[in-house]
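Residues per chain are reported as follows:
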Amino acid sequence: MVASDSLPLHSAIPVDKIRYNDQGLVPAIVQDYLDGTVLMMAWMNPDSLQKTLETGETWFWSRSRSELWHKGATSGHLQTVKSMRYDCDSDAILISVEQMGDVACHTGERSCFHQVDSTVQPPPADTLTQVFEVICDRRDNPNPDSYTCKLLAGGDNKILKKIGEEAAEVVMACKDDDPDAIAGEAADLLYHTLVALAHHHVDVRAVYRKLQERRR
């Protein structure tokens with residue numbers, strides 16, 4: 001069940017129907033509402049879940065301090081709840097949030113899941129965000145053999161020309177009613193649009209925010 005504009009947040013999760021473990025706790029996975037990045041995992045009890053539903057900000061149960069924990073109250077990195085779901089066994093909760101400051105981890109990283117074989121890497125997100133991160137890396141660390149770098153080196157003239165060409169190819173694929181070609185040409189158009197965003201230092205998440213605003 002998901003909270004929506006027409007459904008009060010306190011009605012989204014039935015606190016008394018959640019299956020808590022022997023310690024009276026349930027795991028809560030927190031993810032970014034824009035790109036789906038998993039930000040953190042924490043524990044909730046009935047009281048913290050109720051406070052989350054009432055305030056619209058995440059509250060958890062600190063096992064080390066044995067007390068309720070208002071996420072971000074000290075650091076300022078609050079989490080505004082966008083939606084909540086519970087799984088088929090009612091023993092895990094998924095919370096989509098807007099992360100204030102874009103930092104969820106106490107180490108200062110965006111996500112607590114930032115460690116991969118002792119190398120800090122961006123946590124996985126949706127495909128467009130991942131592709132955009134690669135494009136930005138090409139922009140910041142040029143490789144002469146990279147097609148993306150050649151596009152970026154050509155500036156707006158080269159990038160925008162390619163966007164125009166790819167848009168026309170999407171139109172032609174649609175006219176031919178060829179699903180595979182449509183998907184391929186749309187992928188090319190999205191890629192070249194991401195290059196334009198990176199060239200102008202516009203974060204793809206800013207586009208997601210615009211879409212979310214229009215969705216509402």
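Details of the structure are given in the entry above.
I will try to describe carefully the structure that is included in this document.

Conventions and cut-offs
- Residues numbered from 1 in each chain as written.
- Predicted model: local features only at pLDDT ≥ 70, side-chain atom pairs only at ≥ 80, totals over all residues.
- Heavy atoms only, no water.
- Patch = residues over 30% accessible without salt bridge, like charges linked within 9 Å, V, L, I, M, F, W, Y side chains within 5 Å.
- Areas by Shrake-Rupley, 256 points an atom, 1.4 Å probe, with all protein chains shown as cover.
- Salt bridge = Lys/Arg side-chain N within 4 Å of Asp/Glu carboxyl O.
- Lys, Arg positive; Asp, Glu negative; His and termini not counted.
- Charge placed at Lys NZ, Arg CZ, Asp CG, Glu CD.
- Helix = DSSP H or I, 4+ residues; strand = E, 2+ residues; numbered from the N terminus.
- Contact = heavy atoms within 4.5 Å.
- Expected span 1.5 Å × (residues − 1).
- Buried < 20%, exposed > 50% of the residue type's maximum accessible area, 1.4 Å probe, protein only.

1. Observations regarding a negative patch on the surface
Link 1 in the chain: Side chains of Asp-176, Asp-177, Asp-178 and Asp-180 sit close together on the surface and give a patch of like negative charge.
Link 2 in the chain: Assignment of secondary structure puts Asp-177 in the loop between α3 (147-175) and α4 (179-199).

2. Considering the environment of Lys-150
Link 1 in the chain: On the secondary structure map, Lys-150 appears in helix α3.
Link 2 in the chain: Distance in space between the C-alpha atoms of Lys-150 and Arg-139 is 9.8 Å, their sequence separation being eleven residues.
Link 3 in the chain: Filtering out sequence-adjacent residues up to four positions away, Lys-150 remains in contact with Pro-144 and Lys-158.

3. Here we look at α4
Link 1 in the chain: End to end, α4 covers 30 Å across 21 residues, agreeing with the expected 30 Å (1.5 Å per residue, within 8%).
Link 2 in the chain: Regarding α4, the residues found buried are Glu-185, Tyr-191, His-192, Leu-194, Val-195, Ala-196, Leu-197 and Ala-198.
Link 3 in the chain: Considering only its buried residues, α4 is in contact with α2 (127-140), α3 and α5 (204-215).
Link 4 in the chain: Note on α4: the residue one or two positions beyond its end, His-201, has a positive phi of about 55 degrees.

Everything listed here is a matter of coordinates, which is why it stays silent on function.
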